[in-house]
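Each chain is listed here by its residues.
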Amino acid sequence: MSSDEEPSTSESVRRKKYLQYYRKEWEVQFPGWLQDSRKGESYAYCKSCNKDINITSGKDAIKKHSSSQAHSISSKNIKSQPKISSFTVTKTQKSDTLVKQGEIRLASFVVEQNLPFTIMEHLAKLMQAVCPDSKIAKEIKCSSTKTHDIIDHIIGKESFINLCEDLGQTKFSLIIDVSTDLSTTKHIFARHMLVPNCHAL
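Below, the structure is looked at part by part.

Cut-off values and rules
Residues numbered from 1 in each chain as written. Predicted model: local features only at pLDDT ≥ 70, side-chain atom pairs only at ≥ 80, totals over all residues. Heavy atoms only, no water. Pairing = 2+ DSSP bridges. Helix = DSSP H or I, 4+ residues; strand = E, 2+ residues; numbered from the N terminus. Phe/Tyr/Trp six-rings, centres within 6.5 Å; stacked < 30°, edge-to-face > 60°. Buried < 20%, exposed > 50% of the residue type's maximum accessible area, 1.4 Å probe, protein only. Lys NZ or Arg CZ within 6 Å of the ring centre and 35° of its normal. Axes fitted to C-alpha atoms, helices over the stretch in contact; angles between N-to-C directions. Contact = heavy atoms within 4.5 Å. Core = buried A, V, L, I, M, F, W, Y, C linked by side-chain atoms within 4.5 Å.

This part is about the pairing of strand 3 (residues 51–54). Where strand 2 (residues 43–46) and strand 3 come together, 4 bridges link them in antiparallel fashion. Counterpart to Ala44 in the pairing with strand 3 is Ile53. Remark: 4 residues form the turn of the hairpin made by strand 2 and strand 3, two consecutive strands paired antiparallel; Asn50 in that turn has positive phi of roughly 55°.

Here it is in structure tokens:
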């Protein structure tokens, strides 16, 4: 090899470029929008801009893209859009609330009509048969045991609170149970009449 060829050879070595390939660890530094591209290992893909990024210059190309105005606008638009899961959760919560309200209404119906709790073993199934297209009816599962718990712990407690508030604002009389029941537990009944703007003396 002649001495004249040595400078050109060394110059070609200095000018040799190394191809940059996509690295998975970059997704940690640029979370949420960076992923590998289908175009090849020399590209990265921006999910916010829906764009392939040429990374022949390495990570600097990704930094340049992330600081661009177009990327900033696309990222803000995506963050402002509500996720589909938020609508699903809200719809599910609303459905659960309607099911609970339906079960409470059925339990109240049993109390108002003085019906046996065992009727609830069949009433919920009857509603599902009559209303096969109702999602709420399909979700109602109110057996006699559950009905008893609803009346005891929900309807009963709420009615007791309302009764105490009414007795604090109206006149009432007490009636002692004088039945021939031989048990040691006696009951006292409060009889009152709801009159608007009438307060206890």
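Right, let's get into the packing of aromatic side chains. This structure, assessed with the given rule, holds 2 aromatic pairs. An angle of 80° between the planes, with centres 5.9 Å apart, marks the rings of Tyr22 and Trp26 as edge-to-face. Trp26 carries the same exposure label as Tyr22, and that label is buried. Arranged with centres 5.7 Å apart and planes meeting at 65°, the rings of Phe30 and Trp33 form a pair that is edge-to-face. Note on Phe30: relative accessible area 8%, which makes it buried. Positioned above the aromatic ring of Tyr43, the side-chain terminus of Lys39 is 4.5 Å from the ring centre.

It is worth spelling out the sheet that holds strand 1 (residues 34–36) at this point. Here we have 3 strands laid out as an open sheet, ordered 1-2-3, and antiparallel in their pairing. Across the chains shown, the open sheet's two edge strands, defined by having one partner strand only, are strand 1 and strand 3. Along the sheet, successive strands turn relative to each other by an average axial angle of 40°, direction set aside. Where helix 3 (residues 59–66) meets the sheet, it contacts strand 1, strand 2 and strand 3, and its direction lies at approximately 135° from that of strand 3.

This brings us to the nonpolar core. Generally speaking, nonpolar side chains in soluble globular proteins are found buried as a group. By size, the foremost hydrophobic cluster in this structure holds 12 residues: Val99, Leu106, Ala107, Val110, Met120, Leu123, Ala124, Ile140, Cys142, Ile150, Ile151 and Ile155. Those elements that provide at least two residues to this core are helix 5 (84–112), helix 6 (120–130) and helix 8 (144–167). No other element matches the 4 residues that helix 5 contributes to this core. Ranked by size, the runner-up nonpolar core spans 11 residues in total, among them Trp33, Leu34, Ile55 and Ile62.

These figures capture arrangement, not role.
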